Amino acid sequence: MNVFTSSQSTIFALATASGRAAVAIMRISGPLTFSILEKLCQTVPKVRQASVRQLWRRGDQDELLDQALVIWFKGPNSYTGEDSAELHLHAGPAVIDAVADALVYYGARPAQAGEFSKRAFLNGKVDLLQAEGISDLVEAETQAQRRQALEQTEGGLSIVYQGWAQKLREVLAFQEALIDFPDEDLPEEVEENLKNTINNLHQEMKSHLNDAGRGERLRRGLVFAILGAPNAGKSSLLNLLADRDAAIVTEQAGTTRDAIEVRVVLGDVPVTLVDTAGLRETQDLIEAEGIKRAQKIGREADCVLCLTDASVDVSEPEVECDFWVRTKKDLNVSRETLKRNDNKNLYISVKTGEGIAHLKQVLAEKAKFLTARQGPPPLTRVRHRLGIEECVQHLEEAQRLDWPELRGEELRLAMQSLGRLTGTIGVEDLLDTIFSQFCIGK
């Protein structure tokens, strides 16, 4: 669907990050693109042929701005579906500013966040799921995130949802036939097949939802909380796992009052390690608040590491622990105690580094397990999950109802829920929210 007309504004933005670099890419899209290139370059390059051009600002006194590589894309064969261009500039701030001023002078305006991708969506170049995949691809920190985002960009999720939508259309057609021709000689198996198809779709969608949030976890990264009593070695462990001095380490108990976060990669998955306040009874209001926050972080984390002194028996904190990390292994720890060393009880020495490599390996395996791909492309956003949950609810209601008219209405509502996910039905109110999360040049 092409919603743009000749009155649509022409936009521009940097497609590369700001800062010192050899090249900066300026993107242009909209109906004035060709005329702007004529004024900038004198002669417009052939379509999709990279050509070196001098860029000029024409006026009372013509000014040479830069010598750049220029690529011209004629719509609809472009990323946005509109006439578009790329200017590969020298990346000096003065060059970028001068070219931006010239583009405004020639009738373009700076793009808003995500406006290029929004136009690509509105012009039918990508659906909403693919557009979100593009955003995730730009933000990907690890190879696992890249692979997941690229699959969504290539239409992995879209194919699944479009297949469900097609089945729903077929079911709805049969349902309409039952409504319009109740006294006709329709085969008896029509309604039976209809009910079976609805049930199968319902089960497929429930299975899709039952993925433990793996796709969402990989997209946003995991949170691993480090809990334990004061001076258990939490901050020292954080520094070792982060390979830098991120937290202050002293002999004084209660040094950490607020949470300290460090982003690392474990098992090709981004993980935020959170060092928390030591858990103990205290009359100090500030420390008490830190302990309260630590317990909340522990309850909400994807994985909890509980640190204790290996030579001392302690009670468990008020959260469920995934791993008991027994510290100070370099001290006198009995052989009977060490026999408990397994993937639930891990013995380390922060002082000597003993056991740290094994701990990192165990945590990496945990991160991979929490985000491992199982079955079809996973859900990657809360919006997707809510949409499929809504669709499941309508299918459940359709199976419960005997009246054909009411069942047909529930099937239509289920189709609308799927349509909002891909962007084919009623997403106008969502667009600004979704695309505002993109970078400017996208």
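Structure: above.
First, a word on what this report is: a plain description of the structure on this page. (Residues numbered from 1 in each chain as written. Predicted model: local features only at pLDDT ≥ 70, side-chain atom pairs only at ≥ 80, totals over all residues. Heavy atoms only, no water.)

### So, the sheet that holds strand β7 (residues 222-228)
Basically, it comes down to this: For two strands to be treated as a pair, DSSP must find at least two bridges joining them. Numbering of helices and strands starts at the N terminus; helices are DSSP runs of H or I of at least 4 residues and strands are runs of E of at least 2. Axes, fitted as lines to C-alpha atoms, cover a helix only where it is in contact. Angles between the N-to-C directions of the axes lie from 0 to 180 degrees.
Strand order across the open sheet formed by 6 strands is β8-β9-β7-β10-β11-β12, with mixed pairing between neighbours. Of all the strands in the sheet, just β8 (260-266) and β12 (345-347) have a single pairing partner and so form its edges. Ignoring which end each strand starts from, the neighbouring axes of this sheet average 25 degrees apart. By the bridge criterion, 5 bridges tie β7 to strand β9 (residues 269-275) in an arrangement that is parallel. Looking at the pairing, L222 lines up with V271 of β9.

### Observations regarding the nonpolar core
Nonpolar side chains tend to gather and get buried jointly when the protein is soluble and globular. For clarity, the threshold we go by: What makes a nonpolar core is a set of buried Ala, Val, Leu, Ile, Met, Phe, Trp, Tyr and Cys residues whose side-chain atoms join them at distances within 4.5 Å. Think of it in three bands: residues with accessible area under 20% of the maximum for their type are buried, residues over 50% are exposed, and the middle band is partly exposed, with areas taken using a 1.4 Å probe on protein chains only. Note on contacts: a residue pair qualifies if any of its non-hydrogen atoms lie within 4.5 Å across the two residues.
Residues F224, L237, L266, V271, L305 and L363 are the most contacted members of the largest nonpolar core, which totals 30 residues. Contributing elements (two or more residues each) for this core: β7, α9 (234-242), β8, β9, β10 (303-309), β11 (323-327) and α12 (356-371). Of the residues forming this core, the biggest block, 7 residues, is contributed by α12. With residues up to four places along the chain from it excluded, the contact list for V271 reads L222, F224, V262, R263, V264, L266 and A367. One finds L172, I198, L379 and I388 within the second-largest nonpolar core, a separate group that totals 27 residues.

### Observations regarding the pattern of salt bridges
Which entries qualify depends on this criterion: One side-chain nitrogen of Lys or Arg within 4 Å of one carboxyl oxygen of Asp or Glu is enough to make a salt bridge.
Inspection of the entire model under this criterion finds 22 salt bridges. Residue R263 is joined to E141 by a salt bridge in which the shortest nitrogen-to-oxygen separation is 2.7 Å. Here E141 lies in the loop between α4 (128-139) and α5 (143-153) and R263 lies in strand β8, a separation of 122 residues in the sequence. Two residues, R385 and E216, come together in a salt bridge whose shortest N-O distance is 2.6 Å. Residue R385 is located in helix α13 (residues 382-400), and its partner E216 is located in helix α8 (residues 214-220); the two are separated by 169 residues in the primary sequence. For E216, a relative accessible area of 13% gives the class buried.

### Observations regarding the state of the cysteines
As used in these notes, a disulfide is a covalent bond between sulfur atoms, one from each of two cysteines. To keep things clear, this is the line we draw: Pairs of cysteine sulfur atoms within 2.5 Å are identified as disulfides in what follows.
Enumeration over the complete set of coordinates arrives at 1 disulfide. Between C303, a cysteine without a disulfide, and C306, which holds the nearest cysteine sulfur, the sulfur-to-sulfur distance is 9.3 Å.

### Here's the deal with the packing of aromatic side chains
The condition that has to hold: Two aromatic rings from Phe, Tyr or Trp, using only the six-membered ring of Trp, form a pair when their centres are within 6.5 Å; if the ring planes differ by under 30 degrees the pair is stacked, by over 60 it is edge-to-face, and anything between is tilted. Lysine NZ or arginine CZ positioned within 6 Å of the ring centre and within 35 degrees of the ring normal marks a charge as sitting over the ring.
This model, assessed by the stated rule, comprises 3 aromatic pairs. Just above the ring of Y105 sits the side chain of R57; from NZ or CZ to the centre is 4.3 Å. In this structure, R214 is placed above the aromatic ring of F369, and the distance from its NZ or CZ to the ring centre is 5.1 Å.

### Examining the sheet that holds strand β6 (residues 109-110)
Taken in spatial order, the 6 strands make up an open sheet running β3-β4-β5-β2-β1-β6, and their pairing is mixed. Taken across any chain shown, the strands that pair with only one partner, and hence form the sheet edges, are β3 (51-57) and β6. Inspection of the sheet shows strand β4 (residues 63-73) paired to strand β5 (residues 84-90) by 5 bridges, in the antiparallel sense. When the sheet's bridge partners are listed, V70 is paired in β5 with L87. Most of the contacts of helix α1 (residues 33-41) go to β3, to which it runs at about 85 degrees, and overall it touches β2 (23-29), β3, β4 and β5.

### So, α9
With 8 of 9 residues buried, α9 is to be regarded as a mostly interior element. Burial in α9 covers these residues: K234, S235, S236, L237, L238, N239, L241 and A242. Buried residues in α9 make contact with β7, β8, β9, β10 and α12. At the exit of α9 stands D243, carrying a positive phi of roughly 60 degrees.

### Some details on the side chain of D136
Mapped onto the fold, D136 is located in helix α4. Residue classification places D136 among the buried positions, given a relative accessible area of 12%. Beyond its immediate sequence surroundings of up to four residues, D136 is in contact with A149, Q152, R219, T380 and R381.

### Here's the deal with the pairing of β3
Note: β3 against β4, 7 bridges, orientation antiparallel. Residue pairing for β4: Q54 is matched across the bridge by Q67. Linkage of β3 to β4, two consecutive antiparallel strands, is achieved through a turn of 5 residues.

### Section: the environment of G290
Summarising the element assignment, G290 is placed in helix α10 (residues 285-300). Sequence spacing of G290 and A259 is 31 residues, and the spatial spacing of their C-alpha atoms is 7.5 Å.

### Structural notes on helix α7 (residues 189-209)
What counts is decided by this rule: Helix span is expected to be 1.5 Å times the residue number reduced by one. Directions are taken from the helix axis to each C-beta atom, and the arc is the one they span.
Taking 1.5 Å as the rise per residue, α7 with 21 residues should run 30 Å; its terminal C-alpha atoms sit 30 Å apart, in good agreement. All of the buried residues along α7 are V190, L194, I198, L201, H202, M205, H208 and L209. For α7, the angular spread of the buried residues around the axis is 125 degrees, confining them to a single face.

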